[in-house]
Amino acid sequence: MSASLNAAVATATAPDPACAEPLAVLGRDVTVPLVTGGEVTYAALDYAASAPALQRVWDDVAAYAPYYGSVHRGAGYLSQLSTDLFEQSRATVAEFLDCRAGDQVVFTRSTTDSLNLLAAVLPADCQVFVFETEHHASLLPWTNAQVTYLNAPRTPAEAVATLERALADREPYGPALVCVTGASNVTGELWPVKELAAAAHAHGARIVLDAAQLAPHHPVSVRDLDVDWVAFSGHKLYAPFGSGVLAGRADWLQQAEPYLAGGGASRKVSRREDGGVDVEWHTTAARHEAGSPNVIGVYSIASACRALTEAGFETLVVREQQLVTRVREGLAEVPAVRVLSLFGDDAPRVGVISFVVDGWNSSHFAAALSAEYGIGVRDGLFCAHPLVRTLLGSEPQAQGECGAPEAAPGERSLNAIRVSFGAGTPDEHVERFVRAVKELVTDGAKWQYRTEEGRCVPLRGAV
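Residues numbered from 1 in each chain as written. Predicted model: local features only at pLDDT ≥ 70, side-chain atom pairs only at ≥ 80, totals over all residues. Heavy atoms only, no water.

Asker: How should I be thinking about the overall build of the protein in this particular structure?
Answerer: For the protein, the helix and strand inventory stands at 14 helices and 19 strands. Computed over the C-alpha atoms, the radius of gyration of the protein is 23 Å, within 12% of the 23 Å expected from 2.2 N^0.38 for a compact globule of 463 residues. With respect to the principal axes defined by its C-alpha atoms, the protein has extents near 80 × 55 × 45 Å. Within the protein, the fraction of its 463 residues that count as buried is 55%. At a minimum sequence separation of 6, the contacts of the protein that also span at least 24 residues come to 71%. Put simply, the protein shows about 19,300 Å² of open surface, and 52% of that area lies on carbon and sulfur atoms. Here the protein contributes 36 positively and 54 negatively charged side chains, and the mean placements of these two sets differ by 3 Å. (Helix = DSSP H or I, 4+ residues; strand = E, 2+ residues; numbered from the N terminus. Rg over C-alpha atoms; globule rule 2.2 N^0.38 Å. Buried < 20%, exposed > 50% of the residue type's maximum accessible area, 1.4 Å probe, protein only. Contact = heavy atoms within 4.5 Å. Areas by Shrake-Rupley, 256 points an atom, 1.4 Å probe, with all protein chains shown as cover. Lys, Arg positive; Asp, Glu negative; His and termini not counted. Charge placed at Lys NZ, Arg CZ, Asp CG, Glu CD.)

Asker: I keep staring at the packing of aromatic side chains and nothing clicks. Help me out?
Answerer: Each aromatic ring pair is specified by the distance between its two centres and by the angle formed by the two planes. Within the structure shown, the criterion is met by 10 aromatic pairs. Geometrically, the ring pair formed by Trp191 and Phe343 is tilted, given 5.4 Å between the ring centres and 55 degrees between the ring planes. One end of the pair, Trp191, is in the loop between β7 (176–181) and α7 (193–202); the other, Phe343, is in the loop between β13 (337–339) and β14 (352–357), and 152 residues separate them in sequence. On the basis of relative accessibility, which here comes to 1%, the residue Trp191 falls in the buried class. Note on Trp229 and Trp252: the rings are 5.2 Å apart at their centroids and 35 degrees apart in plane angle, and the pair reads as tilted. Here the residue Trp229 occupies a position in strand β9 (residues 229–233), and Trp252 occupies one in helix α9 (residues 251–255), the gap between them amounting to 23 residues. In this structure an aromatic cluster arises from ring pairing among Phe355, Trp360, Phe365 and Phe433. The ring of Tyr173 carries Arg170 above its face, with NZ or CZ at 4.1 Å from the centroid. (Phe/Tyr/Trp six-rings, centres within 6.5 Å; stacked < 30°, edge-to-face > 60°. Lys NZ or Arg CZ within 6 Å of the ring centre and 35° of its normal.)

Asker: Mind showing me how you'd approach the sheet that holds strand β4 (residues 104–108) here?
Answerer: Paired through backbone hydrogen bonds, the strands of a sheet run either parallel or antiparallel to each other. The strand order β4-β10-β9-β8-β7-β5-β6 describes an open sheet built from 7 strands, whose pairing is mixed. Among the strands making up the open sheet, the edge pair consists of β4 and β6 (146–150). Within the sheet, the average angular offset between the axes of one strand and its neighbour, ignoring direction, is 20 degrees. Two strands pair when backbone bridges link them, and strand β5 (residues 127–131) and β6 are joined in this way by 5 bridges, in the parallel orientation. Bridging from a neighbouring strand, Val130 pairs with Tyr149 of β6. (Pairing = 2+ DSSP bridges. Axes fitted to C-alpha atoms, helices over the stretch in contact; angles between N-to-C directions.)

Asker: What's the story with the pairing of β5 in this structure? I'm lost.
Answerer: The buried fraction of β5 amounts to 5 of the 5 residues, a majority that puts the element mostly inside the structure. On β5, burial covers both faces: Gln127, Phe129 and Phe131 on one face and Val128 and Val130 on the other are all buried. Here 4 bridges tie β5 to β7, and the two strands are oriented parallel to one another. Opposite Gln127, over in β7, you have Ala176 as the bridge partner.

Asker: Just checking my understanding: could you explain the pattern of salt bridges for this structure?
Answerer: Side-chain pairing between opposite charges can occur once the charged atoms of the two side chains come close. The final tally for this structure, using the stated rule, is 23 salt bridges. The partner of Asp46 in a salt bridge is Arg418, and the shortest N-O contact between them spans 3.5 Å. With Asp46 in the loop between β3 (43–44) and α2 (55–64) and Arg418 in strand β17 (residues 416–420), the pair connects residues that are 372 residues apart, well separated along the chain. A single burial state applies to Asp46 and to Arg418, both of which are buried. Several salt bridges share partner residues, and in doing so they unite Asp46, Arg378 and Arg418 into one network. (Salt bridge = Lys/Arg side-chain N within 4 Å of Asp/Glu carboxyl O.)

Asker: Help me understand the sheet that holds β14 in this model?
Answerer: Reading across from one edge, β13-β14-β17-β16 is the order of the 4 strands in this open sheet, with antiparallel pairing throughout. Edge positions in the sheet fall to β13 and β16 (378–380), since each has one partner strand and no second. Adjacent strand axes in the sheet meet at a mean angle of 30 degrees when their direction is disregarded. Its contacts with the sheet place helix α11 (residues 313–332) against β13, β14 and β17, and it is angled at close to 10 degrees to β14.

Asker: It is not clear to me how helix α14 (residues 427–443) should be interpreted in this structure. Could you clarify?
Answerer: At 3.6 residues per turn, the α-helix brings residues three or four places apart onto the same side. Taking 1.5 Å of rise per residue, 17 residues should cover 24 Å, and α14 covers 24 Å from first to last C-alpha, within 8% of that figure. Here α14 has its buried residues at His429, Val430, Arg432, Phe433, Val434, Ala436, Val437 and Leu440. (Expected span 1.5 Å × (residues − 1).)

Asker: Please clarify how empty space enclosed by the protein should be interpreted in this entry.
Answerer: Counted according to the given criterion, the structure contains 2 cavities of 30 Å³ or more. Here the largest cavity defines a volume of roughly 40 Å³. If you trace the largest cavity, you find it lined by Tyr47, Ala48, Ala51, Ala212, Gln213, Pro216, His217, Lys236 and Tyr238. Its residues assigned to classes, the lining of the second largest cavity shows 4 nonpolar, 2 polar and 1 charged. (1 Å grid on protein atoms, 1.4 Å probe; cavity = no way out; pocket = protein on both sides within 12 Å on 5 of 7 lines; lining within 4 Å. Points joined across faces, edges and corners; volume = space filled by probe spheres on them. Nonpolar A, V, L, I, M, F, W, Y, C, P; charged D, E, K, R; others polar.)

Asker: Please explain unusual backbone geometry as it appears in this structure.
Answerer: Excluding glycine, a negative phi dihedral is what most residues carry, and trans is how most peptide bonds are arranged. In the segment running from Glu171 into Pro172, the intervening peptide bond is cis, with an omega of -5 degrees. On the secondary structure map, Pro172 appears in the loop between α6 (156–168) and β7. Unlike most non-glycine residues, Asp226 shows phi in positive territory, near 60 degrees. A relative accessible area of 33% places Asp226 in the partly exposed class. Phi angles above zero are rare outside glycine, and Tyr238 is one such case at about 70 degrees. Position of Tyr238 relative to the elements: it lies in the loop between β9 and β10 (244–248). Judged by relative accessible area, Tyr238 falls into the buried class, the value being 1%.

Laid out in structure tokens, this is it:
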């Protein structure tokens, strides 16, 4: 990440009255039952998986819903209105990402879909370079390319040096793509994206930024970072499920066959004398948006982009860093807790923190947080198996799952616990989490648990 952003995160600790309140999100008043009796307001601390939708986004979608119409398909008023809204949303996203003139914004289903789309349009003989620290969405799509997997670096400088060596040694010299995360979905640490982009370009390679965990927490400038593409998901950016973005250079996208063949991607279709079909594909983003698009999903992303921009990212960063500091300081007070990190305690990070607890199975701990305190976190390998295994010091071939392990309560597992938060997180949720961790480690669980279908769950009627 750029030096200016690192500096902003590192110094964003001073209280600011302007950022005292979280943004309004759906579900903020939902109550859940506790196994120990009574109910409590649910503390959603799994933003890294899916952030709750902003109330502003939901209201915008509700206001548009009566005017729903088919995009690019009709002459009627509602169809024309929806088409304008769809294309205005594309412009809003381009502005949000500070895209360059000529960049294309393609709407997809998710980050995973975006990166699979990019993998599908790679030039022949393209080589791909990706760190083992990536989420599976950016680690696995490159099945039709020659892939070099790079070992996990322990400093940002080592990440840049590792990439430079790999690119310098590549044979033959041809098209190449580097894929890197902006913020880790496991540790929350910011990666030196601008420096990695400079290294890639110096060696004739392009770079795609997986901004799924970065875009909800910090402004992302395609122009400033000098990345060739950026991908992110709406459901992590405070919008509903089912929409995503791939934005960046148009040439590879225009030169490749459509990601999906069908209506919308085709500009002209005609029969040949021999009975076949000739197709002229669009050269715009529509080339890779075949079928009836997810208009509401696209509009919700644009609404979230506007809401975050209007709230002021500097204000949001300051408040989130206060929450990060509170969680890290609270966990540091518990000797049994080990926070996972690649780059060390001083590394700038977003509101994503993973940890393990001595003497606890991760699934058991997460289940107790939910059942006894009404706190939702994530346990497992977070769809980043190689990274979590590296951080836990286990063998690469060690058994483990994306979800809960088969280990029983109290048994050691190869999984971790992840707490994550953002612009909609109340202070009370973070304080409750810190208190719950301390109480569970000191006093143990108040309830009995068992493993059921691979997940630790409260035992009915037990205390």
